[in-house]
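The chain contents come next:
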Amino acid sequence: MEDGLKAVVFKCGNEEYAISIQSVISIEKEEKVTPVPHLPAYMPGITEVRGELVPVLDFEEILYSRPLVAEESKMLVLKTEQLSLAVRVRDAKEIIDIPSERLKEIGLAAYRKTEYFTSVAQLENRLITIIDPEVLTESLDGMKEIRDYIAEAKSQEIS
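Everything numeric in this text was worked out from a predicted model, so none of it was measured.

To continue, consider the overall build of the protein chain. Counting secondary structure elements, the protein chain contains three helices and eleven strands. Starting at the N terminus, the α and β elements of the protein chain follow one another as β-β-β-β-β-α-β-β-β-β-β-β-α-α. Against the 2.2 N^0.38 benchmark of 15 Å for 159 residues, the protein chain shows a C-alpha radius of gyration of 16 Å, consistent with a compact globule. The C-alpha extent of the protein chain, read off along each of the three principal axes, is 50 × 30 × 30 Å. The long-range fraction of contacts in the protein chain, counting pairs at least 24 apart against all pairs at least 6 apart in sequence, stands at 55%. Within the structure as shown, the protein chain displays about 9000 Å² of accessible surface, and the carbon and sulfur contribution to it stands at 49%. Taken together, the 19 basic and 30 acidic charged side chains of the protein chain have centroids lying 3 Å from each other.

In structure tokens, the structure reads:
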């Protein structure tokens, strides 16, 4: 990260978070989310984005155990090695360059429930927590089953 980080900043609760622009496919208005029975509380369902079926994760539910109202949200469509997914966030309208000297490692990365927090950007009067979507999808309970479900749904579309 010698050159720093270009990231999409979004709000969740009253805090700001960011994800590297390299992981972000697009920022979308939330359309129809189809509920799927027995999914974890953090996943309100699946949606279609640009012809692809993707799971929707509610980041407010993940962090604060309270669902975000769809009308107040945007969806960050992300690509990980395993799958594409949409993350429901309060607001996402800023892309910033964070100099590497402003990125500080945080000790919370060792805590299993927040290991997807990789660093904190200290900018003037702002603290922005950086999230790694790869680690996020690996660390959430139930994601393996969800990846399997999406793969099965895609194979049925092809058939």
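From this point on, the discussion continues.
Here we take up the sheet that holds strand β2 (residues 15–20). The sheet built from six strands is open, its strands ordered β8-β1-β2-β11-β10-β9 with mixed pairing. For this open sheet the edge positions go to β8 (91–98) and β9 (103–105), each flanked by a neighbour on one side alone. Each neighbouring strand pair of the sheet contributes to a mean axis angle of 35 degrees, computed without reference to strand direction. With seven bridges joining them, strand β1 (residues 5–12) and β8 adopt antiparallel strand pairing. Residue K6 lies in a different strand from β8, and its bridge partner there is D97.

Thresholds, definitions, all that
Residues numbered from 1 in each chain as written. Predicted model: local features only at pLDDT ≥ 70, side-chain atom pairs only at ≥ 80, totals over all residues. Heavy atoms only, no water. Helix = DSSP H or I, 4+ residues; strand = E, 2+ residues; numbered from the N terminus. Rg over C-alpha atoms; globule rule 2.2 N^0.38 Å. Contact = heavy atoms within 4.5 Å. Areas by Shrake-Rupley, 256 points an atom, 1.4 Å probe, with all protein chains shown as cover. Lys, Arg positive; Asp, Glu negative; His and termini not counted. Charge placed at Lys NZ, Arg CZ, Asp CG, Glu CD. Pairing = 2+ DSSP bridges. Axes fitted to C-alpha atoms, helices over the stretch in contact; angles between N-to-C directions.

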